[in-house]
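Here is what each chain is made of, one letter per residue.
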Amino acid sequence: MKRLLIISVLLSAFLVPDLARSADPRDYIPLPAGSMLFCTYLQHITGHRLKNDDQVVSTDFNLSQNIVIFRPVYYTNLGPFVVDPQALIIAGEASLDGDLVNDTSSSGIADPVFLMTTWFVNNPEKQLWLGYTPYFTIPIGEYSKKRALNLGANRWALKNEIGLVKGFGPLYIDLIGNVTIFGDNDDCWNGEETVTKKQDPLYGAEVHVSYDVTKRWWLGLSYFYANGGETEIDGIDQQDDQDNHALMFTSAFNIGDNYQLLLQYRDDFGVKSGVETKSIQARFAFFY
């Protein structure tokens with residue numbers, strides 16, 4: 001397999017910003033119908049080891065990614081249910097160098113994501129919430145088939161997710177499960193010609209535990225698991241299925257009645273295939 005293809009295949013799942021891959025603690029607790037929420041995310045990701053099928057491909061691997069995400073959310077009623085149509089508008093830049101690739105970079109707009117949660121259970125009195133969210137990824141982001149590093153993936157994707165939150169006084173537990181189905185990338189470069197890239201469904205599970213330290217400050221610890229997602233290039237399986245684990249720490253501060261600052265650190269500590277990444281993120285939210 002050509003060197004460029006090895007890198008681009010293993011990078012493809014990890015250049016998607018964390019927000020599109022996972023939820024934040026308490027994301028499945030809705031605001032009242034009629035509320036607006038505007039979030040801005042600043043995310044910095046680094047990675048220095050590349051793995052494939054639990055084998056280290058490179059330790060001289062320097063990936064750096066800076067992402068800005070704007071997320072408008074509107075809460076409203078749809079029949080008996082609360083829903084929140086929203087979008088993730090993503091832009092940024094990424095750079096890569098090391099023993100497998102010469103210095104390369106990419107910048108611009110990533111594939112936007114459109115989503116809407118429908119809450120089938122919304123019971124603040126019992127601190128119980130249950131919702132379903134489809135995430136639609138639209139392939140209009142920056143993409144070049146002969147470049148190892150791209151912010152766009154040149155394919156459609158649909159993630160179906162179910163989230164349950166149960167509160168016990170100041171303690172909240174989130175249980176989330178999802179599966180992502182990928183369209184084909186029919187403009188993939190194998191080093192010699194344009195071929196088609198396919199990917200199996202990717203399954204994910206998340207557990208978030210958060211605690212109100214004060215009325216305006218809470219802390220959270222999150223665990224993420226991803227399995228599956230093996231890719232196929234021109235009919236050949238790449239043996240790059242995921243069996244990956246990550247932990248994340250969150251500290252959230254409410255500023256007055258309409259603002260929140262959220263700080264996060266995430267470590268992809270157990271990676272079977274892909275990049276072992278570490279990331280920091282700040283989210284500033286305004287709601288009314």
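Residues numbered from 1 in each chain as written. Predicted model: local features only at pLDDT ≥ 70, side-chain atom pairs only at ≥ 80, totals over all residues. Heavy atoms only, no water.

Visitor: Explain the side chain of asparagine 150 to me, using residue names and the numbers behind them.
Guide: Note on placement: asparagine 150 falls in the loop between strand S8 (128–137) and strand S9 (157–168). At 2.7 Å, the side chain of asparagine 150 and the backbone nitrogen of serine 144 are in polar contact. A distance of 3.1 Å separates a polar atom in the side chain of asparagine 150 from the backbone oxygen of arginine 147. (Helix = DSSP H or I, 4+ residues; strand = E, 2+ residues; numbered from the N terminus. Polar contact = N/O pair within 3.5 Å; in protein donor to acceptor, adjacent residues only side chain to side chain.)

Visitor: Talk me through unusual backbone geometry; I want residue IDs and the actual numbers.
Guide: Of note, arginine 26 is a non-glycine position whose phi angle comes to about 70°, a positive value. On the secondary structure map, arginine 26 appears in the loop between helix H2 (18–21) and strand S1 (36–52). Overall, the relative accessible area of 15% leaves arginine 26 in the buried class. You will see that asparagine 154, though not glycine, has its phi angle at about 60°, which is positive. Secondary-structure assignment places asparagine 154 in the loop between S8 and S9. A relative accessible area of 23% places asparagine 154 in the partly exposed class. (Buried < 20%, exposed > 50% of the residue type's maximum accessible area, 1.4 Å probe, protein only.)

Visitor: Give me the environment of threonine 194: which residues, what numbers.
Guide: Mapped onto the elements of the fold, threonine 194 is located in strand S12 (residues 194–199). Expressed as a C-alpha distance, the spacing of threonine 194 and aspartate 234, which sit 40 residues apart in the sequence, is 9.0 Å. If we ignore the near neighbours within four places in the chain, the residues touching threonine 194 are Lys145, Asp186, Asp187, Cys188 and Trp189. A polar atom in the side chain of threonine 194 sits 2.5 Å from the side chain of lysine 145. (Contact = heavy atoms within 4.5 Å.)

Visitor: Talk me through the pattern of salt bridges; I want residue IDs and the actual numbers.
Guide: Here the structure, examined in full by the defined rule, presents 14 salt bridges. A salt bridge links arginine 49 to glutamate 276, with the nearest nitrogen and oxygen atoms 2.9 Å apart. One end of the pair, arginine 49, is in strand S1; the other, glutamate 276, is in strand S19 (residues 274–287), and 227 residues separate them in sequence. With a shortest N-O distance of 1.7 Å, glutamate 142 and arginine 147 are connected by a salt bridge. Note on glutamate 142: relative accessible area 16%, which makes it buried. Of the residues examined, arginine 147 reaches a relative accessible area of 26% and is grouped as partly exposed. Among the ionic contacts, a cluster of salt bridges with common partners joins Arg49, Lys51, Asp54 and Glu276. (Salt bridge = Lys/Arg side-chain N within 4 Å of Asp/Glu carboxyl O.)

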